[in-house]
Amino acid sequence: QVRLVQSGGGLVQAGASLRLSCAASDGTLGNHAIGWFRQAPGKEREFVAAITWKSFTTYYGDDVKGRFTISRDNAKNTVYLQMNSLKPEDTAVYYCAAGQTIVNNRFDSASEYEYWGQGAQVTVSS
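One structure accompanies this document, and this report is about it. (Residues numbered from 1 in each chain as written. Predicted model: local features only at pLDDT ≥ 70, side-chain atom pairs only at ≥ 80, totals over all residues. Heavy atoms only, no water.)

### Side note on the environment of Ala24
1) Next: Note on placement: Ala24 falls in strand 3 (residues 18-26).
2) Next: Given the relative accessible area of 11%, Ala24 is considered buried.
3) Next: The sequence separation of Ala24 and Lys76 amounts to 52 residues, and the corresponding C-alpha distance is 8.9 Å.
4) Next: Discounting chain neighbours no more than four positions away, the residues touching Ala24 are Val2, Arg3, Leu29 and Asn77. (Helix = DSSP H or I, 4+ residues; strand = E, 2+ residues; numbered from the N terminus. Buried < 20%, exposed > 50% of the residue type's maximum accessible area, 1.4 Å probe, protein only. Contact = heavy atoms within 4.5 Å.)

Written out as structure tokens, the structure reads:
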């Protein structure tokens, strides 16, 4: 199986930037699409971004498009989420996830992913 270990997160002011990392500690990310999801208190898990394995095609949720960038470094077996122009509504626990069997390009569906990181808290103050 793939073990995903996250790093990053923290407390920042609105307008600041953060970068989250998601690394495979045991195994590789080969043949896996990687998605980022977030969950705020009282809300359902929300799709943030995803990147495919073969084509490096990226997908973004409407709320983060133009501000967040997902990327992967295969040599480091790590996926990143660069978050710019952060807003208070971005406050959430952020999770990375890996999946090999994404059906019908449903990269925005959490149920399509098999493995999940432990989560990282991102708090954005006004």
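What follows continues from the structure just given.
### Details of the pattern of salt bridges
1) Next: Summed over all chains, the structure comprises 4 salt bridges.
2) Next: Of the charged contacts in the structure, one is a salt bridge between Asp90 and Arg38, with a shortest N-O distance of 2.8 Å. With Asp90 in the loop between strand 8 (78-83) and strand 9 (92-99) and Arg38 in strand 4 (residues 33-39), this pair connects stretches of sequence that are 52 residues apart.
3) Next: Through salt bridges that share partners, Arg38, Glu46, Arg67 and Asp90 make up one connected network. (Salt bridge = Lys/Arg side-chain N within 4 Å of Asp/Glu carboxyl O.)

### Considering unusual backbone geometry
Glycine aside, residues mostly have negative phi angles, and peptide bonds mostly take the trans form.
1) Next: Of note in the backbone geometry, Asn77 takes a positive phi value of approximately 55 degrees without being a glycine.
2) Next: Mapped onto the fold, Asn77 is located in the loop between strand 7 (68-73) and strand 8.
3) Next: Here the phi dihedral of Ser85 falls at roughly 50 degrees; this positive angle occurs in a residue that is not glycine.
4) Next: Relative to the elements of secondary structure, Ser85 occurs in the loop between strand 8 and strand 9.
5) Next: Residue class for Ser85 comes out partly exposed when judged on its relative accessible area of 42%.

### Concerning the nonpolar core
1) Next: Counting 28 residues, the largest nonpolar core has Leu20, Trp36, Val48, Phe68, Leu81, Met83 and Tyr94 as its most contacted members.
2) Next: Taken together, the elements giving at least two residues each to this core come down to strand 3, strand 4, strand 5 (46-51), strand 7, strand 8, strand 9 and strand 11 (120-125).
3) Next: Once you skip the residues sitting within four places of it in the chain, Leu81 turns out to touch Leu18, Arg19, Leu20, Trp36, Val48, Ala49, Phe68, Thr69, Ile70 and Tyr94.
4) Next: Phe37, Phe47, Ile102 and Phe107 belong to the second-largest nonpolar core, a separate cluster that totals 8 residues. (Core = buried A, V, L, I, M, F, W, Y, C linked by side-chain atoms within 4.5 Å.)

### Some details on the packing of aromatic side chains
1) Next: Evaluation of the coordinates by the stated rule reveals 6 aromatic pairs.
2) Next: With centroids separated by 6.5 Å and ring planes inclined at 75 degrees, the aromatic side chains of Tyr95 and Trp116 adopt a geometry described as edge-to-face. Here Tyr95, found in strand 9, pairs with Trp116, found in strand 10 (residues 115-116); they are 21 residues apart in sequence, far enough to count as distant.
3) Next: Given the relative accessible area of 17%, Tyr95 is considered buried.
4) Next: Owing to a relative accessible area of 28%, Trp116 belongs among the partly exposed residues under this scheme.
5) Next: Pairwise contacts between aromatic rings join Phe37, Phe47, Tyr95, Tyr113 and Trp116 into one cluster.
6) Next: In this structure, Arg45 is placed above the aromatic ring of Tyr95, and the distance from its NZ or CZ to the ring centre is 4.1 Å.
7) Next: Directly above the ring of Trp116 sits Arg45, whose terminal nitrogen or CZ lies 4.8 Å from the centroid. (Phe/Tyr/Trp six-rings, centres within 6.5 Å; stacked < 30°, edge-to-face > 60°. Lys NZ or Arg CZ within 6 Å of the ring centre and 35° of its normal.)

### Topic: the state of the cysteines
1) Next: Using the criterion set out here, one finds 1 disulfide in the structure.
2) Next: The disulfide partner of Cys22 is Cys96, and the gap between their sulfur atoms is 2.0 Å. Here Cys22 and Cys96 share a disulfide; its torsion about the S-S bond, 70 degrees, makes the bridge right-handed. In this pair, Cys22 is assigned in strand 3 and Cys96 in strand 9, connecting sequence segments 74 residues apart. The pair formed by Cys22 and Cys96 is uniform in burial state, with each residue classed as buried. (Disulfide = S-S within 2.5 Å.)

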